[in-house]
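Below are the chains, spelled out letter by letter.
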Amino acid sequence: MLDLSCPEIRFAVETVRKASLLARSVQQKRVSSELTKGDFSPVTVADFAVQALVGSALEVSFPKDTLVAEEDTSFLKTNKGAASLEEAAQFVREILGNVSSDQICRWIDRGTADPGRRFWTLDPIDGTKGFLRNDQYAVALALLEEGEVRVAALGCPHLNAKCRPEKGARGCLVVAVKGKGAWRTSLDEGDSSFVRLHVSERKDPHEAILLRSYEPSHADPKKGDEVSRVFGTKAKPIALDSQAKHAVLAAGHGDLFFYPVPKDKPHYRMCLWDVAPGYLVVREAGGRITDLQGGEIDFTQGKTVARNPGLLYSNGHFHDLALETLRV
Ligand code: AMP
Ligand code: MG
(Lines give C-alpha, C1' and ligand atoms only; values in the text may rest on other atoms or scores of the structure.)
(Ligands and ions follow the chains in the order given, each with its own letter.)
Protein backbone atom coordinates (compact mmCIF):
# COMPACT_ATOMS: atom_id res chain seq x y z
CA MET A 1 0.00 0.00 0.00
CA LEU A 2 1.14 3.51 -0.73
CA ASP A 3 1.57 5.25 2.62
CA LEU A 4 0.08 8.69 2.09
CA SER A 5 0.49 9.46 5.78
CA CYS A 6 4.23 9.82 5.17
CA PRO A 7 4.77 13.58 4.72
CA GLU A 8 7.38 13.23 1.96
CA ILE A 9 5.19 10.90 -0.10
CA ARG A 10 2.12 13.08 0.30
CA PHE A 11 4.20 16.14 -0.62
CA ALA A 12 5.54 14.49 -3.78
CA VAL A 13 2.06 13.40 -4.91
CA GLU A 14 0.30 16.68 -4.16
CA THR A 15 3.04 18.94 -5.48
CA VAL A 16 3.62 17.06 -8.72
CA ARG A 17 -0.13 16.88 -9.33
CA LYS A 18 -0.55 20.64 -8.87
CA ALA A 19 2.56 21.39 -10.90
CA SER A 20 1.47 19.12 -13.77
CA LEU A 21 -1.97 20.72 -13.93
CA LEU A 22 -0.25 24.11 -14.04
CA ALA A 23 2.06 22.94 -16.87
CA ARG A 24 -0.92 21.59 -18.77
CA SER A 25 -2.76 24.87 -18.41
CA VAL A 26 0.25 26.78 -19.79
CA GLN A 27 0.47 24.34 -22.68
CA GLN A 28 -3.23 24.59 -23.47
CA LYS A 29 -3.40 28.37 -23.20
CA ARG A 30 -0.08 29.38 -24.65
CA VAL A 31 1.62 26.88 -26.92
CA SER A 32 -0.23 27.55 -30.15
CA SER A 33 -0.64 31.30 -29.79
CA GLU A 34 2.78 32.20 -28.42
CA LEU A 35 4.72 30.05 -30.83
CA THR A 36 3.43 32.10 -33.72
CA LYS A 37 3.96 35.39 -31.93
CA GLY A 38 7.48 34.41 -30.94
CA ASP A 39 8.27 37.04 -28.30
CA PHE A 40 8.78 34.48 -25.56
CA SER A 41 8.69 30.76 -25.31
CA PRO A 42 5.74 29.07 -23.58
CA VAL A 43 8.05 26.34 -22.42
CA THR A 44 10.09 28.93 -20.55
CA VAL A 45 6.94 30.22 -18.91
CA ALA A 46 5.90 26.73 -17.84
CA ASP A 47 9.41 25.84 -16.61
CA PHE A 48 9.62 28.90 -14.38
CA ALA A 49 6.04 28.75 -13.14
CA VAL A 50 6.38 25.08 -12.15
CA GLN A 51 9.74 25.59 -10.45
CA ALA A 52 8.33 28.57 -8.49
CA LEU A 53 5.33 26.50 -7.40
CA VAL A 54 7.50 23.61 -6.21
CA GLY A 55 9.95 26.03 -4.50
CA SER A 56 7.08 27.64 -2.63
CA ALA A 57 5.54 24.28 -1.64
CA LEU A 58 8.90 23.11 -0.30
CA GLU A 59 9.27 26.29 1.74
CA VAL A 60 5.98 25.49 3.45
CA SER A 61 6.34 21.72 3.92
CA PHE A 62 10.09 21.16 4.31
CA PRO A 63 11.68 24.56 4.89
CA LYS A 64 15.08 23.03 5.70
CA ASP A 65 15.25 20.88 2.55
CA THR A 66 17.18 22.13 -0.46
CA LEU A 67 16.19 21.88 -4.11
CA VAL A 68 18.46 21.00 -7.04
CA ALA A 69 16.52 21.99 -10.12
CA GLU A 70 17.06 22.81 -13.76
CA GLU A 71 16.22 26.53 -13.82
CA ASP A 72 17.51 29.74 -12.26
CA THR A 73 16.39 33.35 -12.68
CA SER A 74 19.39 34.76 -14.58
CA PHE A 75 17.38 34.90 -17.84
CA LEU A 76 14.29 36.34 -16.14
CA LYS A 77 16.37 39.23 -14.82
CA THR A 78 17.47 40.33 -18.33
CA ASN A 79 15.42 42.73 -20.47
CA LYS A 80 14.49 39.85 -22.74
CA GLY A 81 13.32 37.73 -19.83
CA ALA A 82 11.07 40.31 -18.14
CA ALA A 83 8.02 39.38 -20.26
CA SER A 84 8.50 35.68 -19.47
CA LEU A 85 8.70 36.45 -15.75
CA GLU A 86 5.45 38.41 -15.85
CA GLU A 87 3.75 35.68 -17.85
CA ALA A 88 4.98 32.95 -15.47
CA ALA A 89 3.96 35.11 -12.49
CA GLN A 90 0.37 35.32 -13.80
CA PHE A 91 0.09 31.54 -13.82
CA VAL A 92 1.63 31.24 -10.34
CA ARG A 93 -0.78 33.89 -8.99
CA GLU A 94 -3.75 31.89 -10.27
CA ILE A 95 -2.74 29.28 -7.68
CA LEU A 96 -0.98 31.16 -4.89
CA GLY A 97 -2.74 34.51 -4.97
CA ASN A 98 -1.19 37.91 -5.27
CA VAL A 99 2.53 37.27 -4.78
CA SER A 100 5.26 39.62 -6.02
CA SER A 101 7.59 38.83 -8.91
CA ASP A 102 10.54 39.11 -6.52
CA GLN A 103 9.02 36.43 -4.32
CA ILE A 104 8.49 34.22 -7.35
CA CYS A 105 12.16 34.68 -8.31
CA ARG A 106 13.21 33.68 -4.80
CA TRP A 107 11.14 30.50 -5.04
CA ILE A 108 12.69 29.67 -8.42
CA ASP A 109 16.18 30.30 -7.04
CA ARG A 110 15.60 27.87 -4.19
CA GLY A 111 16.36 25.39 -6.98
CA THR A 112 19.99 26.50 -7.39
CA ALA A 113 21.26 24.55 -4.37
CA ASP A 114 24.06 22.02 -4.70
CA PRO A 115 23.34 18.40 -3.81
CA GLY A 116 23.87 17.65 -0.12
CA ARG A 117 23.05 14.84 2.31
CA ARG A 118 19.31 15.25 1.73
CA PHE A 119 17.73 17.22 -1.12
CA TRP A 120 14.94 17.23 -3.68
CA THR A 121 15.62 17.34 -7.41
CA LEU A 122 13.19 18.75 -9.96
CA ASP A 123 12.87 18.91 -13.71
CA PRO A 124 9.97 21.36 -14.00
CA ILE A 125 9.31 20.46 -17.64
CA ASP A 126 11.23 17.38 -18.73
CA GLY A 127 10.93 16.98 -22.49
CA THR A 128 10.71 20.62 -23.51
CA LYS A 129 10.60 19.70 -27.19
CA GLY A 130 7.62 17.43 -26.59
CA PHE A 131 5.90 20.21 -24.67
CA LEU A 132 6.26 22.48 -27.70
CA ARG A 133 4.90 19.82 -30.05
CA ASN A 134 1.88 19.45 -27.80
CA ASP A 135 3.19 16.00 -27.08
CA GLN A 136 4.70 14.10 -24.14
CA TYR A 137 6.51 15.82 -21.29
CA ALA A 138 6.78 15.23 -17.55
CA VAL A 139 7.08 17.10 -14.30
CA ALA A 140 9.73 15.09 -12.45
CA LEU A 141 10.53 15.29 -8.73
CA ALA A 142 12.60 13.10 -6.41
CA LEU A 143 13.92 13.12 -2.86
CA LEU A 144 17.50 11.89 -2.41
CA GLU A 145 19.10 11.03 0.89
CA GLU A 146 22.64 9.68 1.43
CA GLY A 147 23.02 9.13 -2.33
CA GLU A 148 19.80 7.09 -2.62
CA VAL A 149 16.56 8.03 -4.32
CA ARG A 150 13.90 7.68 -1.59
CA VAL A 151 10.70 9.03 -3.12
CA ALA A 152 9.87 10.02 -6.70
CA ALA A 153 6.88 11.35 -8.59
CA LEU A 154 6.25 11.90 -12.29
CA GLY A 155 3.34 13.88 -13.66
CA CYS A 156 2.66 12.98 -17.29
CA PRO A 157 -0.22 15.06 -18.68
CA HIS A 158 -0.31 13.23 -22.04
CA LEU A 159 -0.45 9.67 -20.72
CA ASN A 160 -3.78 8.16 -19.81
CA ALA A 161 -4.50 7.01 -16.25
CA LYS A 162 -3.03 3.58 -17.11
CA CYS A 163 0.23 5.16 -18.27
CA ARG A 164 -0.41 4.67 -21.97
CA PRO A 165 0.36 7.42 -24.48
CA GLU A 166 -2.94 8.39 -26.03
CA LYS A 167 -4.32 11.36 -27.94
CA GLY A 168 -6.56 13.40 -25.68
CA ALA A 169 -5.29 11.61 -22.55
CA ARG A 170 -6.23 13.22 -19.23
CA GLY A 171 -2.92 12.60 -17.52
CA CYS A 172 -1.17 10.14 -15.26
CA LEU A 173 0.63 10.56 -11.95
CA VAL A 174 3.20 8.00 -10.89
CA VAL A 175 4.80 7.74 -7.46
CA ALA A 176 7.56 5.44 -6.21
CA VAL A 177 8.93 4.80 -2.74
CA LYS A 178 12.26 3.06 -2.19
CA GLY A 179 11.76 -0.52 -1.08
CA LYS A 180 7.96 -0.22 -1.19
CA GLY A 181 6.89 -0.10 -4.86
CA ALA A 182 5.56 2.19 -7.58
CA TRP A 183 1.95 3.22 -8.21
CA ARG A 184 -0.12 5.12 -10.73
CA THR A 185 -3.20 7.25 -10.43
CA SER A 186 -4.87 9.80 -12.68
CA LEU A 187 -3.82 13.43 -12.65
CA ASP A 188 -7.35 14.39 -11.65
CA GLU A 189 -7.43 16.37 -8.43
CA GLY A 190 -8.52 14.28 -5.47
CA ASP A 191 -8.05 10.90 -7.18
CA SER A 192 -6.66 8.69 -4.43
CA SER A 193 -7.03 5.29 -6.14
CA PHE A 194 -3.45 4.10 -6.52
CA VAL A 195 -2.70 1.01 -8.60
CA ARG A 196 0.59 -0.83 -8.22
CA LEU A 197 2.90 -0.79 -11.26
CA HIS A 198 4.86 -3.76 -12.57
CA VAL A 199 7.18 -3.98 -15.54
CA SER A 200 6.24 -6.48 -18.23
CA GLU A 201 6.90 -10.20 -17.94
CA ARG A 202 8.01 -10.45 -21.56
CA LYS A 203 11.13 -12.57 -21.96
CA ASP A 204 11.26 -13.48 -25.65
CA PRO A 205 13.43 -10.87 -27.42
CA HIS A 206 11.22 -11.13 -30.57
CA GLU A 207 8.33 -9.80 -28.52
CA ALA A 208 10.19 -6.93 -26.88
CA ILE A 209 8.51 -3.56 -27.23
CA LEU A 210 11.24 -0.98 -27.66
CA LEU A 211 10.86 2.61 -26.55
CA ARG A 212 13.11 5.50 -27.54
CA SER A 213 13.55 9.23 -27.21
CA TYR A 214 11.60 11.20 -29.77
CA GLU A 215 14.61 13.41 -30.46
CA PRO A 216 17.03 11.49 -32.71
CA SER A 217 19.96 13.33 -31.10
CA HIS A 218 19.06 11.74 -27.73
CA ALA A 219 18.45 8.31 -29.20
CA ASP A 220 21.13 7.10 -31.67
CA PRO A 221 18.66 5.57 -34.14
CA LYS A 222 21.42 3.39 -35.69
CA LYS A 223 22.15 1.69 -32.36
CA GLY A 224 18.41 1.38 -31.86
CA ASP A 225 18.15 -0.42 -35.21
CA GLU A 226 20.95 -2.73 -34.12
CA VAL A 227 19.06 -3.63 -30.94
CA SER A 228 15.94 -4.32 -33.04
CA ARG A 229 17.98 -6.53 -35.38
CA VAL A 230 19.69 -8.50 -32.60
CA PHE A 231 16.38 -8.94 -30.76
CA GLY A 232 14.50 -9.75 -33.97
CA THR A 233 11.69 -7.32 -33.14
CA LYS A 234 9.42 -6.38 -36.01
CA ALA A 235 7.54 -3.43 -34.60
CA LYS A 236 9.07 0.04 -34.80
CA PRO A 237 10.17 1.51 -31.44
CA ILE A 238 7.66 3.81 -29.75
CA ALA A 239 9.14 7.32 -29.66
CA LEU A 240 8.34 9.39 -26.56
CA ASP A 241 9.87 12.46 -24.99
CA SER A 242 10.81 12.76 -21.33
CA GLN A 243 10.41 10.52 -18.31
CA ALA A 244 6.96 9.63 -19.61
CA LYS A 245 8.98 6.74 -21.13
CA HIS A 246 9.94 5.61 -17.64
CA ALA A 247 6.30 5.56 -16.59
CA VAL A 248 5.33 3.59 -19.72
CA LEU A 249 8.10 1.04 -19.03
CA ALA A 250 7.13 0.79 -15.34
CA ALA A 251 3.54 0.05 -16.36
CA GLY A 252 4.64 -2.75 -18.67
CA HIS A 253 3.64 -1.07 -21.93
CA GLY A 254 7.25 -1.12 -23.17
CA ASP A 255 10.33 -3.14 -22.27
CA LEU A 256 13.50 -1.26 -22.99
CA PHE A 257 15.11 2.06 -23.88
CA PHE A 258 18.53 3.62 -23.70
CA TYR A 259 20.28 6.97 -23.76
CA PRO A 260 23.51 6.75 -25.78
CA VAL A 261 26.64 8.74 -25.07
CA PRO A 262 26.20 11.49 -27.70
CA LYS A 263 28.84 11.08 -30.43
CA ASP A 264 29.47 14.82 -30.63
CA LYS A 265 29.55 15.20 -26.80
CA PRO A 266 31.43 12.18 -25.42
CA HIS A 267 31.64 13.77 -21.96
CA TYR A 268 27.93 14.60 -21.74
CA ARG A 269 26.23 13.10 -18.69
CA MET A 270 22.57 13.24 -17.75
CA CYS A 271 21.47 15.56 -14.93
CA LEU A 272 20.09 14.30 -11.62
CA TRP A 273 16.60 15.62 -12.41
CA ASP A 274 16.59 13.72 -15.72
CA VAL A 275 17.52 10.46 -14.03
CA ALA A 276 16.56 10.17 -10.32
CA PRO A 277 12.73 10.37 -10.56
CA GLY A 278 12.36 7.91 -13.46
CA TYR A 279 15.07 5.65 -12.03
CA LEU A 280 13.10 4.97 -8.84
CA VAL A 281 9.84 4.52 -10.74
CA VAL A 282 11.34 1.88 -13.04
CA ARG A 283 13.25 0.18 -10.26
CA GLU A 284 10.31 -0.04 -7.89
CA ALA A 285 8.17 -1.47 -10.67
CA GLY A 286 10.71 -4.31 -10.90
CA GLY A 287 12.87 -2.99 -13.75
CA ARG A 288 16.62 -2.64 -14.05
CA ILE A 289 18.79 0.41 -14.77
CA THR A 290 22.51 0.60 -15.48
CA ASP A 291 24.81 2.74 -17.54
CA LEU A 292 25.93 1.40 -20.90
CA GLN A 293 28.93 -0.30 -19.31
CA GLY A 294 26.64 -2.18 -16.94
CA GLY A 295 27.53 0.04 -13.96
CA GLU A 296 25.12 0.97 -11.16
CA ILE A 297 23.91 4.56 -11.20
CA ASP A 298 25.88 6.78 -8.80
CA PHE A 299 23.89 9.74 -7.49
CA THR A 300 26.74 11.20 -5.42
CA GLN A 301 28.71 12.92 -8.17
CA GLY A 302 27.24 16.43 -8.16
CA LYS A 303 24.44 17.60 -10.41
CA THR A 304 25.05 14.95 -13.08
CA VAL A 305 25.53 11.20 -13.00
CA ALA A 306 29.16 11.89 -13.92
CA ARG A 307 30.29 8.27 -13.54
CA ASN A 308 27.58 6.84 -15.79
CA PRO A 309 28.12 7.09 -19.53
CA GLY A 310 24.80 6.44 -21.27
CA LEU A 311 21.86 4.76 -19.56
CA LEU A 312 19.85 1.59 -20.14
CA TYR A 313 16.39 0.97 -18.66
CA SER A 314 14.64 -2.37 -19.05
CA ASN A 315 12.13 -4.83 -17.60
CA GLY A 316 15.18 -6.81 -16.42
CA HIS A 317 14.76 -9.79 -18.75
CA PHE A 318 16.22 -8.00 -21.77
CA HIS A 319 18.93 -6.11 -19.95
CA ASP A 320 21.99 -8.30 -20.54
CA LEU A 321 21.29 -8.84 -24.22
CA ALA A 322 20.77 -5.10 -24.71
CA LEU A 323 23.96 -4.30 -22.77
CA GLU A 324 25.93 -6.68 -24.95
CA THR A 325 24.63 -4.91 -28.03
CA LEU A 326 25.14 -1.38 -26.69
CA ARG A 327 28.21 -1.62 -24.46
CA VAL A 328 30.52 1.39 -24.89
P1 AMP B 1 14.25 12.74 -23.72
O2 AMP B 1 13.96 11.51 -22.92
O3 AMP B 1 14.83 12.46 -25.07
O4 AMP B 1 13.11 13.71 -23.74
O5 AMP B 1 15.43 13.45 -22.93
C6 AMP B 1 15.24 13.79 -21.61
C7 AMP B 1 16.18 14.84 -21.16
O8 AMP B 1 17.50 14.35 -21.16
C9 AMP B 1 16.21 16.06 -22.02
O10 AMP B 1 15.32 17.01 -21.50
C11 AMP B 1 17.64 16.53 -21.90
O12 AMP B 1 17.77 17.36 -20.77
C13 AMP B 1 18.42 15.29 -21.61
N14 AMP B 1 19.16 14.66 -22.70
C15 AMP B 1 19.05 13.39 -23.07
N16 AMP B 1 19.92 13.09 -24.06
C17 AMP B 1 20.59 14.22 -24.32
C18 AMP B 1 21.62 14.57 -25.25
N19 AMP B 1 22.11 13.68 -26.10
N20 AMP B 1 22.06 15.83 -25.23
C21 AMP B 1 21.56 16.74 -24.36
N22 AMP B 1 20.58 16.46 -23.49
C23 AMP B 1 20.10 15.23 -23.45
MG1 MG C 1 15.02 17.34 -18.75
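The structure under discussion appears in the preceding block.
Every value quoted in this text rests on a predicted model; they were computed, and no experiment measured them.

Novice: Please explain the coordination of the magnesium ion (ligand 2) as it appears in this structure.
Specialist: Each donor-metal-donor angle in an ideal tetrahedron of four donors is 109.5 degrees, and each such angle in an ideal octahedron of six donors is either 90 or 180 degrees. Taken together, the protein ligands of the magnesium ion (ligand 2) are Asp123 (OD), Asp126 (OD) and Asp274 (OD), with distances of 2.1 to 2.5 Å. Counting gaps between the donor residues of the magnesium ion (ligand 2) yields the pattern D-x2-D-x147-D. Note on aspartate 126: relative accessible area 9%, which makes it buried.

Novice: Would you explain the sheet that holds strand S12 (residues 311–314) in this entry?
Specialist: Paired through backbone hydrogen bonds, the strands of a sheet run either parallel or antiparallel to each other. The strand order S10-S12-S11 describes an open sheet built from 3 strands, whose pairing is antiparallel. Taken across any chain shown, the strands that pair with only one partner, and hence form the sheet edges, are strand S10 (256–259) and strand S11 (288–291). Taking each pair of neighbouring strands and ignoring which way they run, the sheet shows an average axis angle of 10 degrees. Sheet topology places S11 next to S12; 4 bridges connect them, and they run antiparallel. Each bridged residue has a counterpart across the sheet, and for threonine 290 the counterpart in S12 is leucine 312.

Novice: Explain the pairing of strand S2 (residues 118–126) here, please?
Specialist: Across a regular strand the side chains alternate sides, sitting on one face of the sheet and then on the other. Summarising burial for S2: 9 of the 9 residues are buried, a large majority. Note that strand S1 (residues 66–69) and S2 share 4 bridges and pair parallel. Across the sheet, residue alanine 69 finds its bridge partner in S2, namely leucine 122. Relative to strand S3 (residues 138–145), S2 runs antiparallel, the two sharing 7 bridges. Of the residues in S3, the one forming a bridge with aspartate 126 is alanine 138.

Novice: What should I look at first to understand the sheet that holds strand S7 (residues 195–196) in this one?
Specialist: The strand order S1-S2-S3-S4-S5-S6-S7 describes an open sheet built from 7 strands, whose pairing is mixed. Lying at the two open borders of the sheet, with one neighbouring strand each, are S1 and S7. This element, helix H9 (residues 272–284), spans S1, S2, S3, strand S4 (148–156), strand S5 (172–177), strand S6 (181–186) and S7 of the sheet and lies at about 95 degrees to S4.

Novice: Just checking my understanding: could you explain the site of ligand 1 for this structure?
Specialist: Close contacts around ligand 1 come from 14 residues, with Ser213, His218, Ser242, Lys245 and Tyr259 the closest. Separating a nitrogen atom of ligand 1 from a side-chain N or O atom of lysine 265 is a distance of 2.9 Å. Surface burial for ligand 1 is 86%, taken as the share of its 480 Å² of free accessible area covered by protein chains. Under a 2 Å grid-point criterion requiring more than half of the atoms, the pocket assigned to ligand 1 is the largest pocket.

Conventions and cut-offs
Residues numbered from 1 in each chain as written. Chains lettered and ligands numbered in written order. Predicted model: local features only at pLDDT ≥ 70, side-chain atom pairs only at ≥ 80, totals over all residues. Heavy atoms only, no water. Donors = N, O, S within 2.8 Å, 3.2 Å for Na, K, Ca; no water. Buried < 20%, exposed > 50% of the residue type's maximum accessible area, 1.4 Å probe, protein only. Pairing = 2+ DSSP bridges. Helix = DSSP H or I, 4+ residues; strand = E, 2+ residues; numbered from the N terminus. Axes fitted to C-alpha atoms, helices over the stretch in contact; angles between N-to-C directions. Contact = heavy atoms within 4.5 Å. Near = heavy atom within 4 Å. Polar contact = N/O pair within 3.5 Å; in protein donor to acceptor, adjacent residues only side chain to side chain. Areas by Shrake-Rupley, 256 points an atom, 1.4 Å probe, with all protein chains shown as cover. 1 Å grid on protein atoms, 1.4 Å probe; cavity = no way out; pocket = protein on both sides within 12 Å on 5 of 7 lines; lining within 4 Å. Sits in = over half its atoms within 2 Å of the grid points.

From the geometry alone we can't say anything about function, so treat these as descriptive.
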